[in-house]
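# Reading the structure
Listed below are the residues making up each chain.
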Amino acid sequence: MSVFRMEPLVIPNAATVSQAIGGNLFDFLRSLSIHAPASLAGVTKIEVADTEPDVAVAGDFRDLQSAGADITIPADSTIVLENISYRSLRLSTTVAPGAGGETYDVTAKDATI
């Protein structure tokens, strides 16, 4: 089992969603960790889709929930996702960030033994 750094998720200046990641890589992951920056412009939620990231469109994404509540990422914290059963993941925010945007570091743990 190894841990590796993935491309960060970035919500650009004046935007409300990040790029999507995922695809076949998600088939081999045991877990995915998303690390939020120290300050956030708004509430950040995780959105997922059943389509590949290179073909997913806005209508494909829905909020990821646990126990009926949207999963959010507080500032300066890390959230770990396990049992990944979707093809694409992106972040959305309620308030577009200012200059520089918001960058979320992403690490993954593969499922190999």
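Let us look at the structure shown here. Note that the coordinates shown come from a computational prediction; the quantities given were computed from them, not determined experimentally.

### Comments concerning the overall build of the protein
- Along its length, the protein carries 0 helices and 10 strands.
- Taking 113 residues into account, the globule formula puts the C-alpha radius of gyration at 13 Å, and the protein, at 13 Å, falls close to it.
- Taking the principal axes of its C-alpha atoms as reference, the protein extends roughly 40 × 30 × 30 Å.
- Within the protein, the fraction of its 113 residues that count as buried is 39%.
- If you take every contact in the protein between residues at least 6 apart in sequence, the share linking residues at least 24 apart comes to 83%.
- Across the protein, the 7 positively charged side chains and the 14 negatively charged ones have centroids separated by 4 Å.

### Let's talk about the environment of asparagine 13
- Locating asparagine 13 in the fold gives a position in the loop between strand 1 (3–11) and strand 2 (21–22).
- The spatial distance from the C-alpha of asparagine 13 to the C-alpha of alanine 99 is 5.3 Å, given a sequence separation of 86 residues.
- Ignoring any residue separated from it by four or fewer positions in sequence, one finds asparagine 13 in contact with Pro97, Gly98, Ala99, Gly100 and Gly101.

### Structural notes on the sheet that holds strand 10 (residues 102–110)
- Read from one edge of the open sheet, 4 strands run 1-10-3-8, paired in antiparallel fashion. Edge positions in the open sheet fall to strand 1 and strand 8 (78–82), since each of these has one partner strand only. The mean angle between the axes of side-by-side strands here comes to 20°, regardless of whether they run parallel or antiparallel.
- Strand direction decides the pairing type here: strand 3 (residues 29–35) and strand 8, joined by 5 bridges, are antiparallel. Within strand 8, the residue paired with serine 31 across the bridge is glutamate 82.

Reading guide: rules and limits
Residues numbered from 1 in each chain as written. Predicted model: local features only at pLDDT ≥ 70, side-chain atom pairs only at ≥ 80, totals over all residues. Heavy atoms only, no water. Helix = DSSP H or I, 4+ residues; strand = E, 2+ residues; numbered from the N terminus. Rg over C-alpha atoms; globule rule 2.2 N^0.38 Å. Buried < 20%, exposed > 50% of the residue type's maximum accessible area, 1.4 Å probe, protein only. Contact = heavy atoms within 4.5 Å. Lys, Arg positive; Asp, Glu negative; His and termini not counted. Charge placed at Lys NZ, Arg CZ, Asp CG, Glu CD. Pairing = 2+ DSSP bridges. Axes fitted to C-alpha atoms, helices over the stretch in contact; angles between N-to-C directions.

Purely geometric numbers; function is a separate question.
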